[in-house]
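Each chain, written out:
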Amino acid sequence: MKNHYIKAFSLTLAAVIALNMTACGKAGDDKASNTQDENSSTQETAQEDSAVSEGKDDTDKDNADAQADADSQSEDVADAQNEADANSQEETNAESENNSDDSLSTLDSAKNDAGTDAISIAAYEEVYAPVLDAYRDILKNGYDYEGPLSDYIAMGMLEDVNYVEKDIMNDTVGYLIKDLSGDGVPELVVGRNRQKDFVGPGNEGIVYCCYTCKDNKPVLVFDGFNRSCYYWAGDGKFSYLGSGGIMYQYFGLCHLSDDGTKEVWEDYYFSEDNHDGTASYYHNTLGTDDVDKSEKLDITDMDFSNEEDSLVKEELPLTLFKDSGDGVEADSGEPTKVFKNNMSAAELRVIEKKLNSIGYYGFLLRSFTDPHYIDWNEVFYTGAGFDQHGATKEVRDAFLKATGDDEIYTDLTVVSGKDVRDYVKKTTGFDYDEMVNDLDWVYLEKYDLFISEHGDTNMAFVTVNEGMLEDGEYTIIYTNYEGKEYGVTFTEENGTYCFKSNLPDYIAKNPSYEPDIDQSTITEGQLIPDSDQRYITEDDLKGFSEEELRIARNEIYARCGRKFKDKKLQEYFETMEWYFPMTEPDDFDESLLNVYEKENLDFISKYEKKMKK
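Everything quoted here is computed from the prediction, not taken from an experiment.

(A) Looking closely at the overall build of the protein chain. For the protein chain, the count of helices and strands is 21 helices and 18 strands. A total of 613 residues make up the protein chain; the buried ones form 49% of that total. Carbon and sulfur atoms make up 46% of the accessible area of the protein chain, which amounts to about 29700 Å² in all.

Quick look at the structure:
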C-alpha cells in the first residue's frame, strides 16, 4: 500500500474546473486588461524562467495593433455601406463586374448581389460557419476527453453539454445572427433558453458567446460559464452575473460598442470582502472590480441582493441548431442515465445531517473515483466517532518509542486496528488491505492500535442541494466548505452508507462519464498532487531537482487549465492526461487560486531561491 495522498480531481474545470474557472468572469476579463499585465509580468518572472523576453514591449505592440484594428472597423463598415449603395444604384454594371471578378469575398459578393439588408443572414452564416459547426459537432457527438477541444466552444457550453440531457440541449440551444451594435455588421450570439428558477414564468436566455466579424472572420467579443454568466436582456443588451465566493459577487448590464468589438457597461456592481465577516459594495460604468475606479455604495446586504435580483433575463430569439441543417441527433441504443432530483427537502436534510456527522464528513474532504482511493487519514482524523478512552502509559511509551520523540505535545487520536478494518469494510465493501491510501499513522502491532498526534480538527460541513435515488443508489449534490459543488454516490445498508465515489457535480450527474475516468487520469505525473489542499513543507521539496521544483510550482497553474508561454513547460504538461489547457497566460485570473495554492506558489518560489544561493 502507498503512504501518500492522491490529488482529488483537477479536470476541466477548472478548469471546470477550472476548471472550480469561476469566479470573476467579467471581472477576471477586466483584470486581464487592467492589472493582469503587471501581475502576469511579476508572476512570469518567478514562475516561467524563459518567458521574460515576452514582456511589456510585445504586449504594448499587440494592444496598439488591436486598437488600430478596432479603430479601422467603422471605416471598413462605412466603405462597405458606400459600396453597397453604389451597387444598388448601378445594378447592371455591378452585376457584370461581380460575374467577372472571382476574387470578391463572400460578403462583397452578397452585397453586390442582394444589397446591404440581405447580408445580415445568409452571407454571415458562411462567415460564422466555423463557430456554428463547432457547436453542432459538440451537440451531436458530445465532448471527447481524448480529443482536442475547439477554440470556439465556450466553457458554459462545455459545462451544459456534460450534464444536461441531450434531448433538452437539442430543444434549447441555438444561435442568433443580428446587428446588435448598429454598425451594419451582424453579430453572432450562441446560447440556450432554459426555464427560469424562482424568478417568474417563462425562459431566460443564457449566452454562451458573442462574436463579431472582422476581415471576414469571426472574432470573439465575450463568452461565459456557470459562475461568470451572461444573459440576454433584450434590445441588444446583456445582463451579467458572476461569483467568486459569497463575499465576491459581480453583476451588471452592458451592450456592444458602436463597432461591435467590446462591451460597454451601463451599470456594474460588485462586492469586496472586508475580512471581518462583512462586505463592501461598489458601482461603476467601466466593468471593473477596481475599488479605486468605483463609487462605494452606502447600502445594506439586502439592497445589494435586491439589485442583483432585478437583472433582466429574457428569452433569446434563437434559431435552434436542430432546425438549421445538421442538427443534434438523439442517442440510439440504451438510454443514458441522467441525473434527476427526485428527493424531497426533508429527505435531503436527513442525509445532510448524516454526511456532516463525525463518522462521514471525512469522506467528502477528498475526491475519489472509486472507494479504493478514499483518503482514510481524513476519515479517521478525529476518530470517525469511535470512543477515545485515552492511551495508557504503556501505550504512550510505546508510541514515543516508535516516533523517537521525547514527549507528547498535543492530543492523541487512537483507533483500534479492528475498528479500522471493520469500518473500511462497512463503508466501502472492500478490505482495508485493498486500499491504495492506508492510514499514515503510527501502528503499534502489539496493541493493534493506530495512533496519530495532532491538536486540531479537519471537520468541515457541507450543504446538500439536491439528490437522486435510483436502483438503490444515492447521488447527492452538495456544496463543500470551499463553495464548490460536488456529488457523492453511495448505497445504504442497515443505516450505514457504503461510498462509491466523490466527484465534481458535473461528472457525478453523468454516471456514463465515470467509466472513462480513473484516479490515474486525475493525478498521474503530478509531483505534489495535493498542493491545492494543504500547505506544503520543505520535506515535500527535499530531493527535487531545480527543474522538478519549477514543474511542481507550475503544476498548480496547470491544474487550473492555464497555458504557458514557455514552450518546454507547455509541452511537458500536454503529456499529462489530467491537463486541459484552456486559458492564455495573460488572461489567467489569479483569484481562481485558493489560499493553499497561493501560499504554496510563494513557498516553492522562495525555496528555489534558497537552493540557488
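We are not done yet, so read on.
(B) Representation of the packing of helix H8 (residues 129-141) against helix H9 (residues 155-163) within the structure. Two elements in contact, H8 and H9, have axes whose closest approach is 10 Å; the angle formed by their N-to-C orientations is 20 degrees. Put simply, H8 runs roughly parallel to H9. Relative to H9, the crossing made by H8 is right-handed. Contacts between H8 and H9 involve Tyr135, Ile138 and Leu139 from the former and Met157, Leu158 and Val161 from the latter. Per-class residue counts for the contact of H8 with H9 are six nonpolar, no polar and no charged.

(C) Spatial organisation of the nonpolar core. Ranked by size, the top nonpolar core spans 43 residues in total, and within it Tyr135, Met157, Leu188, Val190 and Tyr208 carry the most contacts. Of all the elements in the fold, those that place two or more residues in this core are helix H7 (122-127), H8, H9, strand E1 (173-178), strand E2 (187-195), strand E3 (203-214), strand E5 (228-234) and strand E9 (279-284). Setting aside chain neighbours within four positions, we find Met157 in contact with Tyr135, Ile138, Leu139, Met169, Val173 and Tyr208. Core analysis: the next-biggest nonpolar cluster, separate from the first, contains 32 residues, Phe368, Val420, Phe450 and Val462 among them.

(D) Representation of a nonpolar patch on the surface within the structure. A grouping of Ile358, Met459 and Phe461 is seen on the molecular surface, where their side chains present a nonpolar patch of about 270 Å² in accessible area. Looking at where Ile358 falls in the secondary structure, it is placed in the loop between helix H12 (345-355) and helix H13 (376-379).

(E) Examining the packing of aromatic side chains more closely. Under the defined criterion, the tally for this structure stands at 36 aromatic pairs. Taking the centre distance of 5.6 Å and the plane angle of 75 degrees together, the rings of Trp232 and Phe238 count as edge-to-face. With a relative accessible area of 5%, Trp232 lands in the buried category. Centre to centre, the rings of Phe386 and Tyr423 are 5.5 Å apart; their planes meet at 85 degrees, and the pair counts as edge-to-face. On the criterion of sequence distance, the pair formed by Phe386 in the loop between H13 and helix H14 (393-403) and Tyr423 in helix H15 (residues 417-428) is long-range, its members being 37 residues apart. Tyr423 gets classed as buried once you look at its relative accessible area, which sits at 9%. An aromatic cluster of three or more residues is present, and its members are Tyr360, Phe363, Trp376, Phe380, Phe386, Tyr423, Tyr474, Phe490, Tyr497 and Phe499.

Cut-offs and rules
- Residues numbered from 1 in each chain as written.
- Predicted model: local features only at pLDDT ≥ 70, side-chain atom pairs only at ≥ 80, totals over all residues.
- Heavy atoms only, no water.
- Helix = DSSP H or I, 4+ residues; strand = E, 2+ residues; numbered from the N terminus.
- Buried < 20%, exposed > 50% of the residue type's maximum accessible area, 1.4 Å probe, protein only.
- Areas by Shrake-Rupley, 256 points an atom, 1.4 Å probe, with all protein chains shown as cover.
- Axes fitted to C-alpha atoms, helices over the stretch in contact; angles between N-to-C directions.
- Parallel < 35°, antiparallel > 145°, perpendicular 65-115°, else oblique.
- Left-handed = near helix turned anticlockwise from the far one by under 90°.
- Contact = heavy atoms within 4.5 Å.
- Nonpolar A, V, L, I, M, F, W, Y, C, P; charged D, E, K, R; others polar.
- Core = buried A, V, L, I, M, F, W, Y, C linked by side-chain atoms within 4.5 Å.
- Patch = residues over 30% accessible without salt bridge, like charges linked within 9 Å, V, L, I, M, F, W, Y side chains within 5 Å.
- Salt bridge = Lys/Arg side-chain N within 4 Å of Asp/Glu carboxyl O.
- Phe/Tyr/Trp six-rings, centres within 6.5 Å; stacked < 30°, edge-to-face > 60°.

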